[in-house]
Amino acid sequence: RQALHDPALAYRYVLLDCPPRLTTACVNALAASDFVLIPVVPDPVSTRAVENLLRTLQHFRAELCPELAVLGVVANMVRTRNGPIRDHADALAELKAGVLQVWDDPIPLFESYIKHDSAFGKSAAAIDTDERLRLAVSDPEIGAAFRALAHELEKEIRRHASRRAATVPAKPGARAGSR
């Protein structure tokens, strides 16, 4: 945690991508973090799992990470037809109502979402072949979606950071700032 908050670190933000289960590595990542971003596939089972995760995060806040904040929920693998398909939109609406009952602070459901797109599969397949690596974000539409999501993330980070300092400064007297 102290290393991630070191002012000499050349990054404004460090993202720790964890599996959707509480492994030892995931618990360590949570303990080192100021914020949590929750990706969710917009289906009823996955959206209900978000409420369970939030309950678990409440226990972490009480015992381990009192300043841990949830930045928001971002929909992933969204099927679209001029916006999310009806089933996905319904699942996300249900999720939005459900998180209000579980968490003590408002949790935004980001307007930006990552759509289900074959470009992600093609990108992953290129890694396993001799083809030139082409990341999915190089696709103009996918790149725009990730830039929009990054903009929303920065906005939420600034909103949270304006309310409190980082939970652990690197050294006494070091500048405190959220990562």
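Only a predicted model underlies this, so the values are computations on that prediction, with no experimental measurement involved. (Residues numbered from 1 in each chain as written. Predicted model: local features only at pLDDT ≥ 70, side-chain atom pairs only at ≥ 80, totals over all residues. Heavy atoms only, no water.)

## Let's talk about the layout of surface pockets
Test applied: The rule is simple: put a 1 Å grid over the protein atoms alone, call a set of points where a 1.4 Å probe fits but cannot get out a cavity, call an open set with protein on both sides within 12 Å along at least five of seven lines a pocket, and count a residue as lining if it has an atom within 4 Å of a point. Grid points are joined across faces, edges and corners, and a volume is the space filled by probe spheres set on the points. Strands here mean DSSP runs of E at least two residues long; helices mean DSSP runs of H or I at least four residues long; both are numbered from the N terminus.
Taken as a whole, the largest pocket spans an internal volume of roughly 1500 Å³. Breaking the lining of the largest pocket down by element, the ones donating at least two residues are helix 1 (24-31), strand 1 (35-40), helix 2 (44-63), strand 2 (69-78) and helix 5 (140-161).

## Overview of the pairing of strand 2
The criterion, for reference: Note on classification: 1.4 Å probe, protein chains only; a residue is buried when its accessible area is under 20% of the maximum for its type, exposed when over 50%, partly exposed between these limits. One bridge is not enough; two strands pair if DSSP finds at least two bridges between them. The crossover handedness rule: strands pointing away from the viewer, path from first strand over the helix to second strand clockwise, crossover right-handed.
Strand 2 sits mainly inside the fold: eight of its ten residues count as buried. Bridging between strand 1 and strand 2 involves six bridges; their strand directions are parallel. Opposite Leu 37, over in strand 2, you have Gly 72 as the bridge partner. For the crossover that starts at strand 1, traverses helix 2 and ends in the parallel strand 2, the hand is right-handed. By the bridge criterion, four bridges tie strand 2 to strand 3 (residues 109-115) in an arrangement that is parallel. What sits directly across from Asn 76, in strand 3, is Ile 114.

## Quick word on the confidence of the model for the protein chain
Spelled out, the test is: Confidence of the predictor at the level of single residues is captured by pLDDT, which takes values from 0 to 100. We call two residues in contact whenever any of their non-hydrogen atoms come within 4.5 Å of each other.
A residue-level look at the protein chain finds 82% of positions with pLDDT of 70 or above and a mean pLDDT of 80. Here helix 4 (residues 118-127) is the element of the protein chain with the lowest mean pLDDT, 67, and strand 1 is the one with the highest, 92. Note on residues 173-179: pLDDT under 50 across the span, and 23 contacts to partners over four residues away in sequence or across chains.

## Considerations on helix 2
What counts here: Given the number of residues in a helix, its expected span is that number minus one, multiplied by 1.5 Å.
The first and last C-alpha atoms of helix 2 sit 30 Å apart over 20 residues, in line with the 28 Å expected at 1.5 Å per residue. Three or more residues of helix 2 are buried, namely Thr 47, Val 50, Glu 51, Leu 54, Leu 57, Phe 60 and Arg 61. In this structure, the buried side of helix 2 is in contact with helix 1, strand 1, strand 2 and helix 3 (86-102).

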